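Each chain is listed here by its residues.
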Amino acid sequence: MEHFNTKDIVEKYKFKFSKSLGQNFLIDQSVLEDIVQGADVSEEDFIIEIGPGVGTLTRELLKKAKAVCSIELDSDLIPILEEELKDFNNFNLIHKDALKVDFNEIIGEEKSVKLVANLPYYVTTPIIAKLLNEGYKFKSLTIMIQKEVAERINAKPDCKEFGALSVLVQYYCDTHIVRKVSPASFVPRPKVESIVIRLDKLSEPRVKVKDENLFFKIVRESFNMRRKTLSNSIKNIGLDKEKLNKAFAKSNIDPKRRGETLSIDEFAKLSDNIYDLISSQDNL
Ligand code: SAM
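Predicted model, so just to flag it, every value in this text is computed and none were measured.

(A) Representation of the nonpolar core. Formed by 65 residues in total, the largest nonpolar core has its most connected members in Ile-48, Phe-103, Phe-138, Phe-215 and Ile-274. Counting residues per element, this core draws most heavily on helix H12 (residues 264–282), which supplies seven residues. Two domains share this core, each providing at least three of its residues, namely domain 1 (6–201) and domain 2 (212–282). Setting aside chain neighbours within four positions, we find Phe-138 in contact with Ile-48, Phe-103, Ile-107, Val-113, Lys-114, Leu-115, Leu-131 and Lys-201.

Below you can see the structure in the form of structure tokens.
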């Protein structure tokens, strides 16, 4: 790969970094290569990138993909990107907040859609939640995020990192850590370590549930107060104590357990039994 120097571009345009926009730009060629390889980018792929910065990762993606559409919020970066990437006819730039984008409008009829991003850390979780909950047809999401968040996403039951974010992501995706990245790979240096993680969308959610909203509500409430027992955490879910205990018994789950010990399958079973009991009392 030809070397592309982030620091030179920043200097050339006298660009001022914005901390509030989570601007830490990559300067490490080996990380760029590993992201592109980790995302398995090929010439059939339509890539959506969130937060291109001065276009360091974008350029590498453009060389490999059919097309790249990048979404950038900072108006100071728009003319820089237009100038620096003008030689690529497979590049499209959208000046918008990624949290407000309808990705279906960008995806259109594209078949092989992959999201690749060095995400701004201040909005990592809302962006991931949006990308997964809104049901877009991404094949995969390869994202660089804060190490602790990646560990939570990748966590299995019975460890302290396992939480609502683990369940949300693993409900929709298989997770695969690509590599760790040290603060020295960025300018300016962030305070935290980072991880590149790939989320491969499953063709169907990992478990089939009768009511997704109820399932995620139970998951969120089970992890809200981590020290509480399950029966305490979800006591306001819509069933009296006796019926709630019945739902636990039918699911074969001890109500004294804590949320972090439940597998996704167990959350699904519990959610369906609670759903059945709520429906039968609503029909009385
Ligand atoms: N991709 C570049 C790189 O790897 O060097 C820059 C990554 S930097 C961590 C995050 C980028 O996201 C910045 O360019 C920032 O301006 C942009 N950004 C921040 N909030 C955003 C939002 N809500 N929507 C779109 N872009 C955003």
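(B) Spotlight on the domain arrangement of the protein chain. Here the protein chain is described as being made up of domain 1 (6–201) and domain 2 (212–282). One C-alpha centre belongs to domain 1, the other to domain 2, and the line joining them spans 35 Å. Contacts between the two partners involve twelve residues from domain 1 and, on the opposite side, 13 residues from domain 2. Summed over both sides, the interface between domain 1 and domain 2 buries roughly 1,000 Å², with carbon and sulfur atoms accounting for 69% of that surface. The largest contributions to the domain 1 side of the interface with domain 2 come from Phe-162, Val-167 and Tyr-171, which together make up 48% of the buried area.

(C) A look at the side chain of Ser-271. Checked against the element boundaries, Ser-271 lands in helix H12. Not counting the four nearest positions on each side in its chain, Ser-271 is found in contact with Asp-211, Leu-214, Phe-215 and Ile-218.

(D) The sheet that holds strand E4 (residues 91–95), seen in detail. Taken in spatial order, the seven strands make up an open sheet running E4-E3-E2-E5-E6-E9-E7, and their pairing is mixed. Edge positions in the sheet fall to E4 and strand E7 (173–181), since each has one partner strand and no second. This sheet shows a mean twist of 20° between the axes of neighbouring strands, independent of strand direction. As defined by bridge partners, strand E3 (residues 67–72) adjoins E4 across five bridges and the pair is classed as parallel. Pairing of Val-68 across the sheet is with Phe-91, part of E4.

(E) Local environment of the site of the ligand. Among the 22 residues in the neighbourhood of the ligand, the closest are listed as Leu-26, Gly-51, Glu-72, Asp-97 and Asn-118. Here an oxygen atom of the ligand sits 2.8 Å away from a polar atom, N or O, in the main chain of Leu-26. Asn-118 is positioned with one of its side-chain polar atoms (N or O) 2.8 Å from an oxygen atom of the ligand. For the ligand, the accessible surface in isolation is 590 Å², of which the surrounding protein chains cover 99%.

(F) View of the state of the cysteines. Considering all chains together, one arrives at zero disulfides under this definition. Not engaged in a disulfide, the cysteine Cys-173 finds its nearest cysteine sulfur in Cys-159; these two sulfurs lie 18 Å apart. Taking relative accessible area as the criterion, Cys-173 reaches 0% and is therefore assigned buried.

(G) Highlighting the pattern of salt bridges. Tallied over the full model, the rule gives 14 salt bridges. Of the charged contacts, one joins Glu-84 and Lys-12 as a salt bridge, the two residues approaching to 2.8 Å between their closest N and O atoms. You can see Glu-84 sitting in helix H4 (residues 77–84) and its partner Lys-12 sitting in helix H1 (residues 6–12), a full 72 residues away along the chain. The class of Glu-84 is buried, set by a relative accessible area of 15%. With a closest N to O distance of 2.9 Å, Glu-110 and Lys-66 form a salt bridge. Of this pair, Glu-110 sits in the loop between helix H5 (103–107) and strand E5 (113–118) while Lys-66 sits in the loop between helix H3 (56–64) and E3, placing them 44 residues apart in sequence.

(H) Fine view of the packing of helix H9 (residues 212–224) against H12. In the contact formed by H9 and H12, the axes pass within 9 Å of each other and the chain directions differ by 115°. As for the relative orientation of H9 and H12, their crossing is right-handed in sense. Mapping the contact onto sequence places Leu-214, Phe-215, Ile-218, Val-219, Ser-222 and Phe-223 in H9 and Ile-264, Phe-267, Ala-268, Leu-270, Ser-271, Ile-274 and Tyr-275 in H12. In the contact of H9 with H12, the residues fall into eleven nonpolar, two polar and no charged.

(I) Representation of helix H11 (residues 241–250) in the model. Listed in full, the buried residues belonging to H11 are Leu-244, Ala-247 and Phe-248. The buried residues of H11 all sit within an arc of 100° when viewed along its axis, so they share a single face. Turned more than 90 degrees away from the buried face of H11, the exposed residues are Glu-242, Ala-249 and Lys-250. Looking at the buried side of H11, the elements it contacts are helix H10 (230–233) and H12. Just beyond H11, the residue with positive phi is Asn-252, at close to 60°.

Reading the values: the criteria
Residues numbered from 1 in each chain as written. Predicted model: local features only at pLDDT ≥ 70, side-chain atom pairs only at ≥ 80, totals over all residues. Heavy atoms only, no water. Core = buried A, V, L, I, M, F, W, Y, C linked by side-chain atoms within 4.5 Å. Buried < 20%, exposed > 50% of the residue type's maximum accessible area, 1.4 Å probe, protein only. Helix = DSSP H or I, 4+ residues; strand = E, 2+ residues; numbered from the N terminus. Domains from an automatic or database assignment. Contact = heavy atoms within 4.5 Å. Buried area = accessible area lost by both parts, 1.4 Å probe. Pairing = 2+ DSSP bridges. Axes fitted to C-alpha atoms, helices over the stretch in contact; angles between N-to-C directions. Near = heavy atom within 4 Å. Polar contact = N/O pair within 3.5 Å; in protein donor to acceptor, adjacent residues only side chain to side chain. Areas by Shrake-Rupley, 256 points an atom, 1.4 Å probe, with all protein chains shown as cover. Disulfide = S-S within 2.5 Å. Salt bridge = Lys/Arg side-chain N within 4 Å of Asp/Glu carboxyl O. Left-handed = near helix turned anticlockwise from the far one by under 90°. Nonpolar A, V, L, I, M, F, W, Y, C, P; charged D, E, K, R; others polar. Arc of directions from axis to C-beta.

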